Amino acid sequence: MSHHTSRGPEVTWVARWAGALLCLAVAAIHVVDQGGISTTRDPYYIGVAYHVLEIAAVVAAVLLLIGLVRLGWLLAAVVAVGPLLGYILSRGPGLPDYSDDIGNWTEPLGLVSLAVEGALLLLSVPLFVRSLRRRTY
């Protein structure tokens, strides 16, 4: 089984570009939310998670654009799910040493982030599943 795509209708350039752009949008939103690339949010583990997410989003975008679609779509789905879970946990019960956002469900940047991550999830999961069913030789 190859991670590369073939020239067929199943994984189009449009879908790959859309996925890459959505991944980059997730990264950009989180850079803005943390206050810049060189800033690390408090508590420290949240800041590290932001940086890991941003790097993973850029890597997923690159993988999609160079044709490693199976791995790219899988990582794109992770890039979408991670911050969605973080949003729910940080606004709901809160996270250890981080209660600033409890109940803050309507923060504008958070809502934009949810929309982008939701779109990425809806795009990446079916295309990842399709990549598992398809064998390229």
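Details of the structure are given in the entry above.
K.L.:
How do you make sense of the overall build of the chain when you look at a structure like this?
P.N.:
Across its full length, the chain carries four helices and zero strands. Reading the helices (α) and strands (β) of the chain from amino to carboxyl end gives α-α-α-α. Within the span of the chain, comprising 137 residues, buried residues form 39% of the whole. Here the analysis covers contacts within the chain between residues at least 6 apart in sequence; of these, 67% occur between residues at least 24 apart.

K.L.:
Please clarify how the environment of Tyr50 should be interpreted in this entry.
P.N.:
On the secondary structure map, Tyr50 appears in helix H2 (residues 44-66). Residue class for Tyr50 comes out buried when judged on its relative accessible area of 14%. The contact partners of Tyr50, leaving out residues within four places of it in the chain, are His30, Asp33, Gln34 and Arg41. Side-chain polar atoms of Tyr50 contact the side chain of Asp33, separated by 2.4 Å.

K.L.:
What's the story with the environment of Glu107 in this structure? I'm lost.
P.N.:
Mapped onto the elements, Glu107 comes out in the loop between helix H3 (69-91) and helix H4 (108-133). Excluding residues within four positions of it along the chain, Glu107 makes contact with Asp33 and Arg91. Within the structure, the side chain of Glu107 is placed 2.4 Å from the side chain of Arg91, a separation counted as a polar contact.

K.L.:
Got a minute to help me understand the side chain of Ser90 in this structure?
P.N.:
In this fold, Ser90 is placed in helix H3. The exposure class assigned to Ser90 is buried, which follows from its relative accessible area of 3%. At 2.9 Å, the side chain of Ser90 forms a polar contact with the side chain of Arg91. When near neighbours in sequence (up to four residues on either side) are disregarded, Ser90 contacts Leu95, Tyr98, Asp101 and Ile102.

K.L.:
Got a minute to help me understand the pattern of salt bridges in this structure?
P.N.:
Scanning the entire structure with this criterion turns up three salt bridges. Here Asp101 makes a salt bridge to Arg91, at a shortest N to O gap of 3.6 Å. Of the two residues, Asp101 is situated in the loop between H3 and H4 and Arg91 in helix H3; the sequence distance between them amounts to 10 residues. On the basis of relative accessible area, Arg91 is assigned to the buried category, the value being 7%. Glu107 is the partner of Arg91 in a salt bridge, and the nearest nitrogen-oxygen pair spans 2.4 Å. In this pair, Arg91 is assigned in helix H3 and Glu107 in the loop between H3 and H4, connecting sequence segments 16 residues apart. Several salt bridges converge on common partners, so that one network encompasses Arg91, Asp101 and Glu107.

K.L.:
I tried to follow the packing of helix H1 (residues 13-34) against H4 on my own but got confused; where do I start?
P.N.:
Describing two packed helices takes the angle between their axes plus the distance from one axis to the other. Close contact between H1 and H4 brings their axes to 9 Å; oriented N to C, the two are set at 150°. With respect to each other, H1 and H4 are oriented roughly antiparallel. Where H1 crosses over H4, the handedness of that crossing is left-handed. Contacts between H1 and H4 involve Ala15, Ala18, Gly19, Leu22, Cys23, Ala25, Val26, Ile29, His30, Val32 and Asp33 from the first element and Leu109, Val112, Ser113, Val116, Glu117, Ala119, Leu120, Leu123 and Leu127 from the second.

What counts and what doesn't
- Residues numbered from 1 in each chain as written.
- Predicted model: local features only at pLDDT ≥ 70, side-chain atom pairs only at ≥ 80, totals over all residues.
- Heavy atoms only, no water.
- Helix = DSSP H or I, 4+ residues; strand = E, 2+ residues; numbered from the N terminus.
- Buried < 20%, exposed > 50% of the residue type's maximum accessible area, 1.4 Å probe, protein only.
- Contact = heavy atoms within 4.5 Å.
- Polar contact = N/O pair within 3.5 Å; in protein donor to acceptor, adjacent residues only side chain to side chain.
- Salt bridge = Lys/Arg side-chain N within 4 Å of Asp/Glu carboxyl O.
- Axes fitted to C-alpha atoms, helices over the stretch in contact; angles between N-to-C directions.
- Parallel < 35°, antiparallel > 145°, perpendicular 65-115°, else oblique.
- Left-handed = near helix turned anticlockwise from the far one by under 90°.

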